[in-house]
Structure formats: structure tokens, C-alpha cells
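Below are the chains, spelled out letter by letter.
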Amino acid sequence: MSRVAHPAGPRHGDVLPADHPPAAPEDLNELHPGIWPRGARRSGGVLTLGGVDVRDLAAEFGTPLYVCDEEDIRSRCRDYLEAFGPDSHVFYAAKAFCSRAVLRWVSSQGLGVDVCTGGELEVALSAGVPPAQITMHGNNKTLDELSRAVSAGVGHIVADSFEEIARLAYLTEGATTRPSILVRVTTGVEAHTHEFMATAHDDQKFGFSLASGAADEAVRRVIACPGLSFAGLHSHIGSQIFDTAGFEVAAHRVVELAVRIRDEHGIEIAELDLGGGFGIAYTDEDDAPEVKELAQNLRDIVDGQCRLAGLARPRLTVEPGRGIVGPSTVSLYTVGTIKDVDGLRTYVSVDGGMSDNIRTALYDAEYVCALASRASAAPPMLSRVVGRHCESGDIVVRHAYLPSDLAPGDLLAVPATGAYCRSLASNYNHVSRPPVVAVSSGAARTIVRRETLDDLLSLDVG
Ligand SMILES: Cc1ncc(COP(=O)(O)O)c(C=O)c1O
């Protein structure tokens, strides 16, 4: 048995890039800037989040555990609002992580909330988000979901199919108030992101195609429906996007549609929603744009396109999900078995895995991690952090250099797990989903409790 230590690299097909710099031992005690929550500190090797020692969190709440820094989320809300300015709207895309506490925080900071199912809508309403500040999304909203959205008085409904426009027409027949409708447009943009995170190329399920003329037809049908108020257009090109070129093409095509709408119907669109998708850093290689710079680019793009087309600038809305909650949260795990695969790497098994973070398996996502419960001066060993599930793809961190004295019982922390981790969590292998604990000013409280085995058994009615 031998541990592969610095500077030896892996000798296997699935390997680190050849030029990957092996971490120097002292780097193991550094936090990668920009990847950890703003309130993360490390002293004597021990990580504190929002002023709380992770060893205390693990002792009180158990592991695996999502630890969410409330002030990090609030400060990112403020960043987005400030960057986009008072003449734009920022809506938090609740699919990234939907809990009442988080929706209250973002709402109290002045953001609206995007929901895409009846379930997310109920969470938003029960959190007290003003209905006018809710946008209802979804590519297959049921009649019940639409009915609930209409009766609750949500601010906008994003129409995604002809069936849905017909359902809305039926629901609003004879009604006195008319819901505001955005038409979701598929712009044909190939966003530079993972295939499963791109949503504006023609060959997928969302929205109305511009290329086929379906988007023009959808607008016609919404305008023709007396119970509906046509508010504008929506485009979302994908997720985890780093450069604004795709937004530029999308905005250009959407503005071209706005011009046709003006020419055909004599209506200038009031609203333009460019969706979310703004990338964050998961590793040192990710060069995520500053929100300020991103906002300036998007505003310039929309201003420029509208000026060229001779249109009044519609109100701009953006819908970040990952950019608000992604960096706020750290997953804490306890190390279990440690297995050296001779000459290749060390497999470090933790007490969670693909049931609490499917992103590595689903999107080939990359993460960093750190020993969080003590200091170590041991040389780094090439490791792969894996979960406890019956899948060889059950990987949490594909490539990590961890101290070679790592031992069962140590705590490992994986940052940037606030978006699409708890919300995509499963009970695979009948593992209960971990709790989410919020930390702020040195105190911790549960905002989503841990599932118990009784919870799982109660669903199985024999
Ligand atoms: C319509 C829409 N808006 C906003 C978002 C949020 O994206 P992100 O979390 O990448 O910002 C998504 C996510 O896929 C989406 O589908």
C-alpha cells in the first residue's frame, strides 16, 4: 500500500491535466479565494463559517451537512441589485435552492422570486414573498398550477407552449384581472456550457422557437386573448456561463422579435427578461465575471440593440440562481474509509455522495475540498473524494490533494455547494437527505431539517 504524494502524478486515463500544479503542503491550509463563502476563515487548520467552528457544527447537527452563510447570500443580493440598478429587476431563481428562510432573505433584500413548479410556488407564498414579486416558470405547467398562480396573483407567468396559452385563456375567461404574460423565446444560441445546462439551442424542450416562427405566433395568441396582458419576452440561454457573447446574440434576436411585434401589433414590449445562468467559480481554473462587469455588459447590450432598432428600452430583468446561493454553502463530510489504489491515487470515502451532490455525476462538475477540522503539515496525496453509494460514478471531488495523514473521523469541507445540490438531492440507496444549517454572526440554526429513516419508511406504505 502506498499513497501517491507530491510531486508524483496519476498514471491513469482519467487523470489531472498534465500541467496541473501539485499543491505545495502549505497550500493545503489556504482557502481558495472566491470559492468559499465570504464569511469563511481558517485558523490552525480549523474552518469557521459565519463565525462558527465546523467541528461544533458537525457535533451538533451531524454530517453530511450543508452549511449556508446567510450574510453571504444577502451580500450577493445587494451586489446584483446595485450592479443592475434601480431601473432593472433581479429575481432569484428558486430552483437553485428553495427554502423558506432563503426566500425570505432574498425577498427582504429586494429581489423577486422565480418559481418553476407548484411546489416552489407554495414555498414562496408560504415564505411571505409578495405574489406580485413572483414569476411562474415551467415548461409543462398543469392547469392546477396555472390556476393557483393566477388566483394567487403572481406578477408574471412565463408562457412556454401553445397548450399553456390555451389553458391560461380558459382560466381567465370572464376574469376581471388579467395576468401579465412573458413569452419564452428559444433564440437558437449555443451557450458555452455543459450540454445539460444549455437551454436556448433549437433542439430542446424550452420555449418557443424564433427560427420556426413559433415565438411570433405565441405572441399573436397571447395578444389575441382578452384575459391575458402581454408584458414582454423572456430568454434564458443556459447555466454556468462565463462570457456574455451568448447573451449578446440572444438579446439581438429577441430585440428583432420585439421590432416585429411593434410593426405587427403596434405594441412596444414593456419587459425583457434575459434569464439567469451567470457562472461562479468552483475551482481556481474558473474565472467567473464580476457581477458589476456582467451587469454593465448586459445593460450595454440591451441599450445598444434597442437603440439600433429604434425601440424604447424595455425594463430589464435577470434571474440569477447559482450566482446568489452557489458560493454561500459548504458541504461538510466525515471521512470514512481511505483506500490506496497502488500507484494511482487514494480513494477517500465520505458519509455523503451523489445523493447530496449529483452535479459531479450529472455535469462532470469539478470541486475543490479541504481538511477542515485540524491542521496538517503532512505532504499532499493525490486523492479522489467519493461517496457511499453503489455507483462508481459516485464522486464528490474528482481530483484533490489532501494531506497524506488524513484519517477516518476527519472533517472534509467542499465549498460552492449552495446551488443545485440540496435541490437535486435524492434518497438513492435509502440515504436520508442532509439538513441545511444557516450560520450568521457566530450562531447556527437549522433551516431545513435532516430527513430521518422514519421519514423514508413512512412513504413506503407496504
Ligand atoms: C428560466 C431560468 N431562469 C433562471 C435560471 C437560473 O440559472 P442559474 O442558477 O444558472 O443562474 C434557470 C436555470 O436553469 C432557468 O431555467
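Up top is the structure.
Residues numbered from 1 in each chain as written. Predicted model: local features only at pLDDT ≥ 70, side-chain atom pairs only at ≥ 80, totals over all residues. Heavy atoms only, no water.

Visitor: Explanation requested: the environment of Lys292 in the structure shown.
Guide: Tracing the sequence through the fold places Lys292 in helix H9 (residues 291-309). Taking C-alpha positions, Lys292 is 30 Å from Ala159, a pair spaced 133 residues apart along the chain. (Helix = DSSP H or I, 4+ residues; strand = E, 2+ residues; numbered from the N terminus.)

Visitor: Looking at this structure, how should I read the side chain of Asp356?
Guide: Within the fold, Asp356 resides in the loop between strand E15 (345-350) and helix H11 (359-363). No salt bridge is formed by the buried Asp356; the nearest opposite charge belongs to Arg388, separated by 8.1 Å. A polar side-chain atom of Asp356 sits 2.8 Å from the main-chain amide nitrogen of Gly353. Not counting residues within four places of it along the chain, the set of residues in contact with Asp356 comprises Pro64, Tyr66, Tyr333, Cys421, Arg422, Ala425 and Pro434. (Buried < 20%, exposed > 50% of the residue type's maximum accessible area, 1.4 Å probe, protein only. Lys, Arg positive; Asp, Glu negative; His and termini not counted. Salt bridge = Lys/Arg side-chain N within 4 Å of Asp/Glu carboxyl O. Polar contact = N/O pair within 3.5 Å; in protein donor to acceptor, adjacent residues only side chain to side chain. Contact = heavy atoms within 4.5 Å.)

Visitor: Looking at this structure, how should I read the environment of Ala281?
Guide: Locating Ala281 in the fold gives a position in the loop between strand E12 (271-273) and H9. In sequence terms Ala281 and Glu173 are 108 residues apart; their C-alpha atoms lie 47 Å from each other.

Visitor: Just checking my understanding: could you explain unusual backbone geometry for this structure?
Guide: Note the cis peptide between Thr63 and Pro64, where omega equals -5°. By the element assignment, Pro64 lies in the loop between helix H1 (54-61) and strand E4 (65-69). In this structure, Asp364 takes a positive phi of about 55° despite not being glycine. Here Asp364 shows up in the loop between H11 and strand E16 (370-371).

Visitor: Even after reading the chapter, I still don't get the site of the ligand, so can you show me in this structure?
Guide: Neighbouring the ligand are 16 residues, the closest being Ser239, Gly277, Glu319, Arg322 and Tyr420. Glu319 is positioned such that a nitrogen or oxygen atom in its side chain is 2.6 Å from a nitrogen atom of the ligand. At 2.9 Å, a backbone N or O of Gly321 approaches an oxygen atom of the ligand. Broken down by class, the residue content of the shell around the ligand amounts to 4 nonpolar, 7 polar and 5 charged. (Near = heavy atom within 4 Å. Nonpolar A, V, L, I, M, F, W, Y, C, P; charged D, E, K, R; others polar.)

Visitor: Looking at this structure, how should I read the pairing of strand E17 (residues 380-386)?
Guide: As a general feature of sheets, a regular strand has side chains that alternate between the two faces. Among the 7 residues that make up E17, 7 are buried, leaving the element largely enclosed by the rest of the structure. The two faces of E17 match: Pro380, Leu382, Arg384 and Val386 on one face and Met381, Ser383 and Val385 on the other face are all buried. Pairing of E15 with E17 involves 4 bridges; the strand directions are parallel. Among the inter-strand pairings, Thr346 is bridged to a residue of E17, identified as Ser383. Here E17 pairs with strand E18 (residues 395-403) via 6 bridges, running antiparallel. Of the residues in E18, the one forming a bridge with Met381 is Leu402. (Pairing = 2+ DSSP bridges.)

Visitor: Help me out: how do you make sense of helix H5 (residues 143-152) in this one?
Guide: Structural remark: α-helix, 3.6 residues per turn; residues separated by three or four positions point the same way. Among the residues making up H5, those that are buried are Glu145, Leu146 and Ala149. When H5 is viewed along its axis, its buried side chains cluster within an angular range of 95° and face the same direction. Seen from the open side of H5, the exposed residues pointing more than 90 degrees away from its buried face are Asp144 and Ser151. Buried residues belonging to H5 abut helix H4 (118-126), strand E7 (134-136), strand E8 (156-159) and helix H6 (162-171). Of the residues one or two after H5, Gly153 is the one with positive phi, at around 80°. (Arc of directions from axis to C-beta.)

Visitor: Teacher, can you tell me more about the packing of H4 against H5 here?
Guide: Taken N-terminus to C-terminus, the directions of H4 and H5 make an angle of 25°; their axes are 10 Å apart at the nearest point. Taken together, the axes of H4 and H5 are roughly parallel relative to one another. Crossing geometry of H4 relative to H5 is assigned as left-handed. When H4 is examined against H5, the residues Gly118, Leu121, Glu122 and Leu125 are found in contact with a partner set consisting of Glu145, Arg148, Ala149 and Ala152. Among the residues making up the contact of H4 with H5, the classes are represented as 4 nonpolar, 1 polar and 3 charged. (Axes fitted to C-alpha atoms, helices over the stretch in contact; angles between N-to-C directions. Parallel < 35°, antiparallel > 145°, perpendicular 65-115°, else oblique. Left-handed = near helix turned anticlockwise from the far one by under 90°.)

Visitor: What am I meant to see in the state of the cysteines here?
Guide: What we call a disulfide is simply a covalent bond connecting the sulfur atoms of a pair of cysteines. One pass over the full model with this rule turns up 0 disulfides. Cysteine Cys68 remains unbridged, with the sulfur of Cys77 as its closest cysteine sulfur at 11 Å. You can call Cys68 buried: its relative accessible area is 1%. Its sulfur unpaired, Cys369 is 14 Å from the next cysteine sulfur, which belongs to Cys421. In this structure Cys369 comes out as buried when scored by relative accessible area, which is 10%. (Disulfide = S-S within 2.5 Å.)

Visitor: Looking at this model, I keep getting lost on the packing of aromatic side chains. Mind explaining?
Guide: The geometry of an aromatic ring pair is captured by two quantities: the separation of the ring centres and the angle between the planes. Scanning all chains against the criterion turns up 5 aromatic pairs. Here the aromatic rings of Phe247 and Phe278 are separated by 5.5 Å at their centres, their planes lie at 40°, and the arrangement is tilted. You can see Phe247 sitting in helix H8 (residues 245-265) and its partner Phe278 sitting in the loop between E12 and H9, a full 31 residues away along the chain. Among the aromatic residues, those joined into a cluster by ring pairs are Tyr80, Phe84, Phe247 and Phe278. Lying across the ring of Phe162, Arg221 places its NZ or CZ 4.1 Å from the centre. (Phe/Tyr/Trp six-rings, centres within 6.5 Å; stacked < 30°, edge-to-face > 60°. Lys NZ or Arg CZ within 6 Å of the ring centre and 35° of its normal.)

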